[in-house]
Amino acid sequence: MLSLDEAIKITMSGVAPLGCEQISVEAALHRVLASNITAERDQPPWDNAQMDGYAVLSGDIKTASPNAPVGLRVVGRVMAGDAATVPITTRQAVRIMTGAPIPLGADSVVKVEDTDGGDDIVQIRRASPPGAYVRQRGEDVQSGSVVLHSGEHLTPARIGMLAATGHASVSVYRRPRVAILATGNELVEPGLPIGNHQIRNSNSYTLAAQVCECGGVPVRLGIAVDTHQDLREKIARGLSSDMLLIAGGVSAGEADLVLTVWKELGVELKFWKVAMRPGHPLAFGTFNGRPLFGLPGNPVSSMVTFEQVVRPLLFALSGFTGRSRPLVEAIVSAPIYKPRGFCHFVRAAVSFVNGAYHATVTGNQGSGILSSMVLANGLIVLPEACEHVNAGDRVQVQLLTTLP
Ligand code: AMP
Ligand code: MG
């Protein structure tokens with residue numbers, strides 16, 4: 001049977017980002033940069049004051065102390081935004097505000113709190129070495145240097161860097177449009193009346209949320225009943241999207257018609273069934289080079305296969321270079337048994353206590369048990385060859401959220 005690694009290799013082969021668009025910096029949060037960003041000039045552009053106080057020559061005030069202050073003549077005043085300032089020579093000072101350019105000749109700033117605040121003559125009560133409270137030109141960013149890289153995700157700090165380096169708009173990768181189709185006669189959308197024999201469609205909503213988390217644009221196509229006609233119609237509608245996710249109908253039951261319909265529509269099936277649990281019946285195909293997934297219908301299987309296989313592909317289509325969830329080593333609190341031959345993903349609550357990660361299984365691991373997924377902030381990864389782990393063993397855990 002196909003291993004998970006092989007399956008991922010197949011889905012990722014030859015994949016390139018979809019394309020770029022130019023957008024305003026205000027709209028760029030969480031988008032992915034499509035080009036390197038270069039600084040237009042040094043930041044700060046000139047030496048400037050880090051504190052409100054007086055710009056001085058450090059050599060003049062070497063002996064200054066509260067008991068023996070040194071008097072300097074105040075020859076000017078400079079605010080942030082002032083273009084020019086008076087140069088100073090020995091035994092002179094300039095009153096200076098935070099962010100204002102350091103006057104020519106000065107090499108140090110004395111905080112106003114270490115002076116008497118004088119207007120014509122200022123008494124300096126503390127020595128100040130060369131460079132004190134002076135922010136050097138270019139200490140943050142040097143002109144012409146690359147400050148952000150293509151493929152990086154635009155966090156608030158990176159948005160700030162775009163603005164600081166003079167960019168009002170930015171080239172980002174296009175967000176993949178991901179069509180999502182639920183399948184099953186038993187499904188009813190939340191909010192609609194429901195019969196005793198029916199269940200809610202949750203997968204469409206989970207998957208849409210997962211797509212959003214990865215920076216994609218979900219397009220819900222609703223529910224197809226388990227007939228050739230309805231499936232064909234609704235799957236065909238999703239084929240023009242950048243990616244199509246179909247949940248359910250890919251196992252071996254009589255109502256599992258998705259792969260038959262793929263064949264009828266000319267979808268090229270690349271694989272069906274992967275050695276993983278939950279998620280074994282996962283199917284993958286392409287249509288005109290666009291990827292389609294047949295995700296297992298069980299709510300946890302659908303989520304976990306998305307995490308392991310769909311997510312990396314979605315990131316590759318988005319141009320995002322940071323792909324995987326953080327993987328940490330954690331100590332398990334109780335034994336776990338599993339058969340050989342499948343890679344298992346075990347829902348776990350992970351905490352960091354006394355310098356180590358600890359993982360506790362969140363309960364029933366049935367692939368339909370969404371409540372144990374709700375409680376999980378991590379997935380313990382047990383490789384194919386592993387048969388069991390003992391309490392106290394160290395295991396690899398994918399962190400799904402940042403820890404509380
Ligand atoms: P299937 O893969 O279609 O055989 O579905 C497997 C299990 O998942 C069945 O118990 C389905 O009722 C359930 N299921 C399938 N699709 C959904 C969905 N969209 N939301 C919630 N449960 C689903
Ligand atoms: Mg079904």
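Computed from a prediction, not measured in an experiment: that's the story for all the values here. (Residues numbered from 1 in each chain as written. Chains lettered and ligands numbered in written order. Predicted model: local features only at pLDDT ≥ 70, side-chain atom pairs only at ≥ 80, totals over all residues. Heavy atoms only, no water.)

Novice: What should I look at first to understand the side chain of Ser204 in this one?
Specialist: Tracing the chain through its elements places Ser204 in helix 3 (residues 203-213). For Ser204, a relative accessible area of 2% corresponds to the buried category. For Ser204, the side chain forms a polar contact with the side chain of Asn201, separated by 2.9 Å. When residues no more than four places from it in sequence are discounted, the contact partners of Ser204 are Ile180, Ala182, Arg220 and Gly222. (Helix = DSSP H or I, 4+ residues; strand = E, 2+ residues; numbered from the N terminus. Buried < 20%, exposed > 50% of the residue type's maximum accessible area, 1.4 Å probe, protein only. Polar contact = N/O pair within 3.5 Å; in protein donor to acceptor, adjacent residues only side chain to side chain. Contact = heavy atoms within 4.5 Å.)

Novice: Can you help me understand the pairing of strand 4 (residues 53-56) in this one?
Specialist: Look at any regular strand and the pattern is simple: side chains alternate between the two faces of the sheet. In this sheet, strand 6 (residues 92-96) lies alongside strand 4 in antiparallel orientation, the contact comprising three bridges. Within strand 6, the residue paired with Ala55 across the bridge is Val94. As paired elements, strand 4 and strand 7 (residues 108-111) share four bridges and run antiparallel to each other. Bridging across to strand 7, Gly53 finds its partner in Lys111. (Pairing = 2+ DSSP bridges.)

Novice: What is the right way to read the pattern of salt bridges from this model?
Specialist: Think of it this way: side chains of opposite charge can pair up when their charged atoms draw near. Applying the stated rule across the entire model yields twelve salt bridges. When the shortest N-O distance is used, the salt bridge between Arg137 and Asp42 registers 2.7 Å. Linking Arg137 in the loop between strand 9 (134-135) and strand 10 (146-148) with Asp42 in the loop between strand 2 (37-38) and strand 3 (48-49), this pair joins segments that are 95 residues apart in sequence. We classify Arg137 as exposed; its relative accessible area is 53%. Between Arg325 and Glu213 there is a salt bridge, with the nearest N and O atoms lying 3.8 Å from each other. Of this pair, Arg325 sits in the loop between helix 6 (299-318) and strand 21 (327-332) while Glu213 sits in helix 3, and the two are 112 residues apart along the sequence. Judged by its relative accessible area of 61%, Glu213 is exposed. Here the salt bridges share partners, and the residues they tie into one network are Glu213, Glu307 and Arg325. (Salt bridge = Lys/Arg side-chain N within 4 Å of Asp/Glu carboxyl O.)

Novice: How should the site of ligand 1 be read in this particular structure?
Specialist: In the vicinity of ligand 1 there are 15 residues, among which Glu186, Asn201, Ser202, Gly249 and Gly297 approach most closely. Between an oxygen atom of ligand 1 and a main-chain N or O atom of Asn298, the distance comes to 3.2 Å. Protein chains bury 78% of the 480 Å² of accessible surface belonging to ligand 1 in isolation. Of all the secondary structure elements, the ones that give two or more residues to the shell around ligand 1 are strand 12 (177-183) and strand 14 (199-200). (Near = heavy atom within 4 Å. Areas by Shrake-Rupley, 256 points an atom, 1.4 Å probe, with all protein chains shown as cover.)

Purely geometric stuff here, so don't read any function into it on its own.
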